[in-house]
Amino acid sequence: MIPDSKGRKNPSRLRNLPAVLLAASLGPLAAGAQTPDECPSPPQIAGELVRDINAIRAEPRQCGAIHYPAAPELTWNEVLFQVAQRHSDDMARRDYFSHVTPEGLTPGQRAANARR
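The following paragraphs examine the structure supplied in this document. (Residues numbered from 1 in each chain as written. Predicted model: local features only at pLDDT ≥ 70, side-chain atom pairs only at ≥ 80, totals over all residues. Heavy atoms only, no water.)

Turning our eyes to something else, we now look at the layout of surface pockets. The gaps left among the atoms become clear once a water-sized probe is rolled over them. Each pocket or cavity is described by its volume, and for the largest pocket that value is around 270 Å³. Considering the residues around the largest pocket, the lining is formed by L49, V50, I53, L74, T75, W76, N77, L80 and F81. Listing elements by their share of the lining of the largest pocket, those giving two or more residues are α3 (42-57) and α4 (78-94). Split by residue class, the lining of the largest pocket holds 7 nonpolar, 2 polar and no charged. (1 Å grid on protein atoms, 1.4 Å probe; cavity = no way out; pocket = protein on both sides within 12 Å on 5 of 7 lines; lining within 4 Å. Points joined across faces, edges and corners; volume = space filled by probe spheres on them. Helix = DSSP H or I, 4+ residues; strand = E, 2+ residues; numbered from the N terminus. Nonpolar A, V, L, I, M, F, W, Y, C, P; charged D, E, K, R; others polar.)

What follows is the structure, encoded as structure tokens:
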């Protein structure tokens, strides 16, 4: 559990963790990088993000009286990334926002279809 500035452990603070890590990975872009050479590539950003997430997962956590051991490392999955990117593109193109497509396809179904 990540304590807040007063030392309180608040599980709601973890909700923003992916966004914070992504923002940290995009630091050079936010800092006003001017040329493509100064900007990290998408694979670099993904690698840094996975590295940072794994560093957090490597630490055991305490939530109230419940102790959670360190979690195993994550690895990048390019197939799942492509599935997610296509879904994101589809939502933008067809102006909707949902885990489920208008046709009813769930994330699990989209992933299973990509592996065929």
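Helix length check: α4, at 17 residues, gives a terminal C-alpha distance of 24 Å against a target of 24 Å (1.5 Å per residue), a fit within 8%. Within α4, the full set of buried residues consists of V83, H87, D90 and M91. Projection of α4 onto a plane perpendicular to its axis shows the buried side chains occupying an angular sector of 100°, all on one side. In α4, those exposed residues whose orientation departs by more than 90 degrees from the buried face are A92 and R93. Buried-residue contacts for α4 involve α5 (107-114). The N-cap residue of α4 is N77: its side-chain oxygen and the backbone nitrogen of V79 are 3.0 Å apart. (Expected span 1.5 Å × (residues − 1). Buried < 20%, exposed > 50% of the residue type's maximum accessible area, 1.4 Å probe, protein only. Arc of directions from axis to C-beta. Contact = heavy atoms within 4.5 Å. Polar contact = N/O pair within 3.5 Å; in protein donor to acceptor, adjacent residues only side chain to side chain.)

Before going further, it helps to spend a moment on the packing of aromatic side chains. Using the criterion set out here, one finds 1 aromatic pair in the structure. With centroids separated by 5.2 Å and ring planes inclined at 45°, the aromatic side chains of W76 and F81 adopt a geometry described as tilted. Taking the relative accessible area as the measure of exposure, F81 reaches 32% and is therefore partly exposed. (Phe/Tyr/Trp six-rings, centres within 6.5 Å; stacked < 30°, edge-to-face > 60°.)

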